[in-house]
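The primary structure of each chain is shown beneath.
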Amino acid sequence: MRSPVVGARLLGSALVVALLVACTPIAADPAPATPGSAATGPVAAGDAPPDATATPAAPPVALATDRGRQGPGVVAPGGDSPYNYGPTVMLDGGRHRMWWCGQLMAAAPAGDDILYAEAASAGGPFAAPGGGPPTPVLSGSVGGFDGMHTCDPSVIRVGGTYYLYYTGAAGDHAHGNAIGVATSTDGLTWTRAAGGAPILNPSHDRTRDNTYGAGQPSALWLDGWFHLMFTDTTGAAAGWNGAGQFVLRSKDPLFASGVQALGEGGFAPVAGTREPRTRSVVDAFSADLVYVDALRAFAIAHETEHGTTLTFWNREFTANPHPPVLVPGPWEEGPGLVRTATGHAPLAPEDPCGRVPFDLVRATTLDPRSAAPTDLAHFGLDVAGAPGCADADAARVLEGFAVPSPENTVDLVTGGEVVRVERRSVAARLATRVLDRRPPAVDGMEVVARIPAGVRALRAPDGRIGLLLADARLWVIASAEVAALNSSPVTDVSQTAWDAHAKSNDPKR
């Protein structure tokens, strides 16, 4: 029998069957048609909060959608875990890497674990590196704030460091979860940061029947700021049942200094992560946050009656630039969006300015042993006709792409500037992709270098090769094959001669 209050455990004669333990808040408002798990607090109203700006905002611009998709079944079997939910999915080096919450019976201590698997696409199948069942990569610390349970992962990579933000609980009835951070160089072996202490605790602005506390983090990195969205059932602006999503940001990944909180007037400095939570951006539990460069907007994925709703906020969280978009289908627990390493929406290679693919994984059924969410499945759609690349800021999505130039050559976009390449075959090797059309925003970018056919190439003693530009800088290329495509003769030089030339780029491939 299922308990109406999350945190209860059901014990079989020899098998622990958990009801999401302390790592899931109690239910939000009940849904009339497609109910979610009472253990997950899933069904949120889905209404966007009022506009926080004092001046009238532009009317929302509707987004067209197409290419709706749904996987044929479970994408990541959880082995003997009685539940599998709360995924975070990173597109990293051509792989889809997924971490999620489960409970493998072989992992100690006996509590929630963060599991890991990877796949070639969001449709799976996800497996541990080298094949096999999912791998537990973070479990309870025994004695810390996360002594028994680690759950609700959100993973980003900034530079060479992976950051895993997660919910921790000391026991089944912790009466106040908290959020911790672990770091890694490979996404598999993790070290707890902040000395193993939580970086964010419940604010205790209000006392509610829901004693879940703070958790379900979603992190991203934007222009030097770590943004952290999370649940806090004790927050002042949470709903009667504790539903709500709050946002902090800091240039410190541990949020130990320089913290800003999102309030009614936008982001403002606060003394720390425990200041009153005065504004919720969506009425939901278990949500995921992404920044969409082509839209210059944030999107929050959260569960509503008929599927996953994407609620859009502008860069300052002062207005909703677009009406919500629905990714339909069954669900039992919140979604994990496919995101880039820094938590941004992936680009559509064929149209990075006008099309945005949204893919996600969510739990779809209840495990018969535990009545808890499991069976992770893939859903998605594209937003078409996005107003991307309308200006230089929006055109940041073109970084690394090449486009036709007015001189019957190809322009490679890099750092908001243009390198004009004479041969398309060479541009195709230097660029992420060569587009067939030239977005107007590129016309405003300065041409800072040219790579004509036949330009001389230099090779360093360590094998690196660079095309010698007119101003004596080197454009470092991947291999002698690119030099051959450009009909560039290669000259071996000393390390001193190589080092004497400024480099216009770092190797991309």
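Rules of the game
Residues numbered from 1 in each chain as written. Predicted model: local features only at pLDDT ≥ 70, side-chain atom pairs only at ≥ 80, totals over all residues. Heavy atoms only, no water. Helix = DSSP H or I, 4+ residues; strand = E, 2+ residues; numbered from the N terminus. Salt bridge = Lys/Arg side-chain N within 4 Å of Asp/Glu carboxyl O. Buried < 20%, exposed > 50% of the residue type's maximum accessible area, 1.4 Å probe, protein only. Disulfide = S-S within 2.5 Å. Pairing = 2+ DSSP bridges. Axes fitted to C-alpha atoms, helices over the stretch in contact; angles between N-to-C directions. Core = buried A, V, L, I, M, F, W, Y, C linked by side-chain atoms within 4.5 Å. Contact = heavy atoms within 4.5 Å. Phe/Tyr/Trp six-rings, centres within 6.5 Å; stacked < 30°, edge-to-face > 60°.

Looking at an unreviewed UniProt entry, one finds the chain named Beta-xylosidase and attributed to Saccharothrix yanglingensis.

Asks: What is the right way to look at unusual backbone geometry in this model?
Replies: A negative phi angle is the norm for most residues apart from glycine, just as the trans form is the norm for most peptide bonds. For the peptide bond that leads from Gly-124 to Pro-125, omega is 0 degrees, which places it in the cis range. If you trace the backbone, Pro-125 turns up in the loop between strand S6 (113-119) and strand S7 (135-138). Phi is positive for Ser-286, close to 45 degrees, though the residue is something other than glycine. Tracing the chain through its elements places Ser-286 in the loop between strand S16 (266-269) and strand S17 (288-292). Despite not being glycine, Ala-472 shows a phi value in the positive range, around 75 degrees.

Asks: I keep staring at the pattern of salt bridges and nothing clicks. Help me out?
Replies: Pairs can form between side chains of opposite charge whenever their charged atoms are close. If you walk through the whole model with that rule in mind, you get 23 salt bridges. Note that Asp-66 and Arg-355 form a salt bridge whose closest N and O atoms lie 2.7 Å from each other. Here Asp-66, found in strand S3 (residues 64-74), pairs with Arg-355, found in strand S22 (residues 355-366); they are 289 residues apart in sequence, far enough to count as distant. With a relative accessible area of 29%, Asp-66 lands in the partly exposed category. Overall, Arg-355 belongs to the buried group, its relative accessible area being 12%.

Asks: Got a minute to help me understand the state of the cysteines in this structure?
Replies: Where two cysteines share a covalent bond between their sulfur atoms, that bond is called a disulfide. Scanning the model with the defined rule gives two disulfides in all. With its sulfur 2.1 Å from that of its partner, Cys-101 forms a disulfide with Cys-151. Its S-S torsion of approximately -110 degrees makes the covalent link between Cys-101 and Cys-151 left-handed. Here Cys-101 is found in strand S5 (residues 95-102), whereas its partner Cys-151 is found in strand S8 (residues 149-158), with 50 residues between them in sequence. Each member of the pair, Cys-101 as well as Cys-151, carries the same accessibility label: buried. Here Cys-353 engages in a disulfide with Cys-389; their sulfurs sit 1.8 Å apart. In this structure, the disulfide formed by Cys-353 and Cys-389 twists by about -80 degrees around the S-S bond and is classed as left-handed. You can see Cys-353 sitting in the loop between strand S21 (336-339) and S22 and its partner Cys-389 sitting in the loop between strand S23 (373-384) and strand S24 (402-404), a full 36 residues away along the chain. With respect to burial, Cys-353 and Cys-389 carry one shared label: buried. Once the disulfide-bonded cysteines of the chain are ranked by sequence position, their pairing pattern turns out to be 1-2, 3-4.

Asks: Teacher, can you tell me more about the pairing of S8 here?
Replies: Regular strands place side chains that alternate from one sheet face to the opposite one. Burial within S8 is extensive, with nine of its ten residues counted as buried. Sheet topology note: the S8/strand S9 (residues 161-169) ladder contains eight bridges and is antiparallel. Bridge pairing links Val-158 to Thr-161 in S9. Linkage of S8 to S9, two consecutive antiparallel strands, is achieved through a turn of two residues, within which Gly-159 is found at a positive phi near 65 degrees.

Asks: Help me out: how do you make sense of the sheet that holds strand S19 (residues 307-314) in this one?
Replies: Strand pairing in a sheet relies on backbone hydrogen bonds, with the paired strands running either antiparallel or parallel. Across the sheet, four strands lie side by side as S17-S18-S19-S20; this open sheet has antiparallel pairing. The sheet is open, and its two borders are formed by S17 and strand S20 (325-328), each paired with just one other strand. Taken pair by pair, the neighbouring strands of this sheet meet at an average axis angle of 25 degrees, ignoring direction.

Asks: Explain the nonpolar core here, please?
Replies: Nonpolar side chains in soluble globular proteins tend to be buried together. Membership of the largest hydrophobic core comes to 35 residues, with the highest contact counts inside it found for Val-292, Leu-310, Phe-312, Val-356, Phe-358 and Leu-398. Elements supplying a minimum of two residues to this core: S17, strand S18 (297-304), S19, S20, S22 and S23. Looking at this core, the element that brings in the most residues is S23, giving four residues. When residues no more than four places from it in sequence are discounted, the contact partners of Leu-310 are Ile-300, Ala-301, Pro-324, Val-325, Val-327, Leu-337 and Phe-358.

Asks: For this particular structure, what's the right way to read the packing of aromatic side chains?
Replies: The tally for this structure, following the rule as stated, stands at ten aromatic pairs. Taken together, a centroid distance of 6.0 Å and an interplanar angle of 80 degrees make the contact between Phe-267 and Phe-317 edge-to-face. With Phe-267 in strand S16 and Phe-317 in the loop between S19 and S20, the pair connects residues that are 50 residues apart, well separated along the chain. Between the aromatic rings of Tyr-291 and Phe-298, the centroid separation amounts to 5.0 Å while the plane-to-plane angle is 75 degrees, which identifies the pairing as edge-to-face. The exposure class of Phe-298 is buried, given its relative accessible area of 0%. Linked through ring pairs, Phe-267, Tyr-291, Phe-298, Trp-313 and Phe-317 together constitute an aromatic cluster.

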